[in-house]
Amino acid sequence: MSLQGVLVLNLIALALLLWVLNLVRHGRLYVGYGVIFVIAALGTTLLVSVPWLQTTLTHVIGAVFPVSALTLLALCFIVLMLLYTLTQLTIVSNRLSKLVQELAIERAKRGGDAR
């Protein structure tokens, strides 16, 4: 990868790191998600910045160009994050359903919809 490409990707990673850390600091992003994004950004920066890591990954994956290997890793990361997010959303949805059912049972025991 060219020096310009490495610099652009490193600047993007730095901007994302600062944004994620700011979101975590203000409580707008869960710390666990922040850690995942920080590790991914640092790993990508390391992978892009160290040429022999890039070459090794390209050969291990069987890609012709380093960009193809990075694209494959990015797609895998996106799919894993979507799966993780949907799993967490399902857990929250199930908890909400259970809570609403318990609330309905509680109100039915008290004799109606008393607010």
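Since we're looking at a predicted model, the values are computed, not measured. (Residues numbered from 1 in each chain as written. Predicted model: local features only at pLDDT ≥ 70, side-chain atom pairs only at ≥ 80, totals over all residues. Heavy atoms only, no water.)

### Some words on helix H3 (residues 51-61)
Three or four residues apart is the spacing at which side chains of an α-helix point the same way, because the helix has 3.6 residues per turn. Restricting attention to buried positions, one finds in H3 the residues Gln54, Leu57 and Thr58. Buried residues of H3 fall within an arc of 100 degrees about the axis and therefore sit on the same side. In H3, those exposed residues whose orientation departs by more than 90 degrees from the buried face are Trp52, His59 and Val60. Looking at the packing, one finds that the buried side of H3 touches helix H2 (31-49) and helix H4 (66-110). Positive phi appears at Gly62, one or two residues downstream of H3, with a value of about 90 degrees. (Buried < 20%, exposed > 50% of the residue type's maximum accessible area, 1.4 Å probe, protein only. Helix = DSSP H or I, 4+ residues; strand = E, 2+ residues; numbered from the N terminus. Arc of directions from axis to C-beta. Contact = heavy atoms within 4.5 Å.)

### A word on the packing of aromatic side chains
For the coordinates displayed, the defined rule picks out three aromatic pairs. Geometrically, the ring pair formed by Tyr30 and Tyr33 is edge-to-face, given 5.4 Å between the ring centres and 75 degrees between the ring planes. Tyr33 sits in the partly exposed class, given a relative accessible area of 22%. Pairing Tyr33 with Tyr84 gives two aromatic rings, centres 5.7 Å apart and planes at 85 degrees, and the pair type is edge-to-face. Of this pair, Tyr33 sits in helix H2 while Tyr84 sits in helix H4, and the two are 51 residues apart along the sequence. Of the residues examined, Tyr84 reaches a relative accessible area of 33% and is grouped as partly exposed. (Phe/Tyr/Trp six-rings, centres within 6.5 Å; stacked < 30°, edge-to-face > 60°.)

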